[in-house]
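Examining the three-dimensional arrangement
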Amino acid sequence: MNVDDEAKKVIWSLQNNKRTEAERNVFAPTGKKPMNKTVVYILSAIGITFLMSFALSQFSKETTQFCFLIDSYCFNSTENPIAYTFYIFMNLWILILGIGIAYLIGKKLGNKFKI
């Protein structure tokens, strides 16, 4: 047994070097910037929330009287299901934004008053 044979490392390859050079370079960087998907995520979150509010409005069997901002601008949930869906949608986003703002304020206060 040769000393040189023992010193060689065994190289493991799943393809046994069967790939061509073009197949190896498939995943090389193209230089293009990846697409910013923030707008897609925001629009999908708004769409999902609107669908959830529509489903929530369909589960309610009672007639509900609701008003937008002022008391003279009121609607009935059975007569105007789209307006009621939009009303639930607005309330859900008020809750989501309130939780998000409370989290940000708490995070800033927590960083300022470290114990």
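A brief structural summary. (Residues numbered from 1 in each chain as written. Predicted model: local features only at pLDDT ≥ 70, side-chain atom pairs only at ≥ 80, totals over all residues. Heavy atoms only, no water.)

1. Brief notes about helix α3 (residues 38-59)
Stated precisely, the cut-off is as follows: Numbered from the N terminus, helices here are DSSP runs of H or I no shorter than four residues, and strands are runs of E no shorter than two. To estimate the expected span of a helix, subtract one from its residue number and multiply by 1.5 Å. Each residue is placed in one exposure class: buried if its accessible area under a 1.4 Å probe, protein chains only, is under 20% of its type's maximum, exposed if it is over 50%, and partly exposed if it falls in between. In this context, the arc is that of the directions from the helix axis out to the C-beta atoms. Here, two residues are considered to be in contact whenever any of their heavy atoms come within 4.5 Å of each other.
For α3, spanning 22 residues, the distance from its first C-alpha to its last is 32 Å, which sits close to the expected 32 Å at 1.5 Å a residue. Within the span of α3, buried status applies to T49, S53 and S57. Each buried residue of α3 sits inside an arc of 75° when the element is viewed along its axis, so together they form one side. For α3, the exposed residues lying more than 90 degrees away from the buried face are Y41, I48, L51 and F59. Tucked into the core, α3 has its buried residues touching α4 (81-112).

2. Section: the state of the cysteines
This is how the line gets drawn: Whenever a pair of cysteine sulfur atoms sits within 2.5 Å, that pair is classed as a disulfide.
A complete count under the given rule lists one disulfide for this structure. Each sulfur in the disulfide pair C67 and C74 lies 1.9 Å from the other. Taking the sign of the S-S torsion, 90° for the link of C67 and C74, the bridge is right-handed. Looking at C67, the relative accessible area reads 28%, which means it is partly exposed.

3. Things to note about the nonpolar core
Counted only if it meets this: We define the nonpolar core as a collection of buried residues of types Ala, Val, Leu, Ile, Met, Phe, Trp, Tyr and Cys that are connected through side-chain atoms lying within 4.5 Å of one another.
Judged by nonpolar contacts, F66, F68, A83, Y84 and I88 together constitute the single largest core of five residues. Element by element, the count of residues in this core is highest for α4, at three residues. In contact with Y84, other than residues within four places in its own chain, are S57, S60, T64, F66 and S77.

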